[in-house]
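Residues per chain, in single letters:
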Amino acid sequence: CNLQPKDAAKMPESAWKLLFYTLSWSYGIYLLFFTDYPFFHDPPSVFYDWKKGMDVPTDIAIAYLMQCSFYGHSIYATAYMDTWRKDSVVMLLHHVVTLTLIASSYAFSWRGLPGGRGLCQGKLCWVSRLSWDPCGPLTPPRSLCPARFWFRLYWFPLKVLYATCYSSLQLVPNIPFYFFFNALLLVLTLMNIYWFLYIVLFVAKVLMGQMQEVNDVREYDVEDSKKT
């Protein structure tokens, strides 16, 4: 492989994410489509017969453990190991919010949502990339995959936010921590929009002839190379 030094330095990060998301995506697909859980086709079902202190099924608990472990590691990795980018501060915030969301979801027995957001919405899109970032890869041209918009900005609000913001109150009127969970989910939605704007910026630069080669618009070294 004739990788440039800067690309070789990013290779461990990309390889690790490829490995983890391939495994977690596969397990998420198994839970959603090869078990009796109706979470994907009927998201409000996660609140059917909900009660405080209910047991979390072992297979879903494994998914929680995988996701919590990864995002706990990602907080450290983003700060000290991965290439620092323009959106790294937002990335750190994303990891903290997601870890809080998933861990709290498990603790309070919201069986599939919101902690279950990582099981499918996004996974089908995540695994199709070599380099993935938590709210969608922005390394062109992979970031232009229509699935990113479909899963993050269409299905996520349609399935997850609708179930947690509306259906939860209809099925469990006095459900605890309603505003806490939904506030975190809305923060993640805003981050999805923020990262999508990077894609729009990339497309605009290509169409206007301001970009002669495919580069990650978040990278500082791209701007440095232009200045030199």
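Counting of residues starts from 1 at the beginning of each chain's written sequence and follows it residue by residue. Per-residue local features are limited, in this predicted model, to residues with pLDDT of at least 70; the limit for side-chain atom pairs, both in listing and counting, is 80 or more; totals at the level of whole chains, interfaces and linings are taken over all residues. The basis for every side-chain value is the complete set of non-hydrogen atoms in the structure, without hydrogens or water.

**Q** In this structure, what is going on with helix 3 (residues 88–107)? I would like to understand it.
**A** For helix 3, built from 20 residues, the straight-helix expectation of 28 Å at 1.5 Å per residue is met to within 8% by its first-to-last C-alpha distance of 28 Å. Only protein chains enter the accessibility calculation, which uses a 1.4 Å probe; a residue is then buried when its area is under 20% of its type maximum, exposed when over 50%, and partly exposed in between. Here a helix means four or more residues in a row that DSSP labels H or I, a strand means two or more in a row labelled E, and each is numbered from the N terminus. Of all the positions in helix 3, only Ser88, Met91, His94, His95, Val97, Thr98, Leu101, Ile102, Ser104 and Ser105 are classed as buried. When checking whether two residues touch, look at their non-hydrogen atoms; a contact exists if any pair is within 4.5 Å. On its buried face, helix 3 is in contact with helix 2 (58–80) and helix 6 (178–207). Expected helix span is computed as 1.5 Å times (number of residues minus one).

**Q** Just to check I follow, could you spell out unusual backbone geometry for this structure?
**A** Negative phi is the rule for most residues except glycine; trans is the rule for most peptide bonds. Although it is not a glycine, Phe177 sits at a positive phi angle of roughly 60 degrees. With respect to the element layout, Phe177 can be found in the loop between helix 5 (146–171) and helix 6.

**Q** Help me understand the UniProt feature "transmembrane region" (unreviewed entry) in the chain, please; the structure alone is not making it clear to me.
**A** In the numbering used here, UniProt assigns the "transmembrane region" (unreviewed entry) feature to residues 18–40, 60–77, 89–108 and 177–203. Measuring from the first to the last C-alpha atom of residues 89–108 gives 28 Å, for a span that is 95% helix and 0% strand. UniProt positions are given in the numbering used here, feature names are shortened, and annotations may be inferred rather than shown by experiment.

**Q** Would you take a moment to explain the packing of aromatic side chains for this structure?
**A** Ring pairs (aromatic) are described by centroid distance and by the angle formed between their planes. Centres within 6.5 Å make a pair out of two Phe, Tyr or Trp rings, where for Trp the six-membered ring is used; the pair is then stacked when the planes are under 30 degrees apart, edge-to-face when over 60, and tilted otherwise. According to the stated counting rule, one finds 16 aromatic pairs in the structure shown. Both rings, one in Tyr64 and one in Tyr106, keep their centres 5.3 Å apart while their planes meet at 65 degrees; by these two values the pair is edge-to-face. Placement of Tyr64 in helix 2 and of Tyr106 in helix 3 is noted, with a sequence separation of 42 residues between them. Classification of Tyr64 by relative accessible area gives buried; the value is 6%. One aromatic cluster is present, formed by Trp16, Phe20, Tyr21, Phe70 and Tyr71 through successive ring pairs. The ring centre of Phe40 lies 4.4 Å from the NZ or CZ of Lys159, which sits over that ring. The ring centre of Trp155 lies 5.6 Å from the NZ or CZ of Lys159, which sits over that ring. To sit over a ring, a charge needs its Lys NZ or Arg CZ within 6 Å of the ring centre and within 35 degrees of the ring normal.

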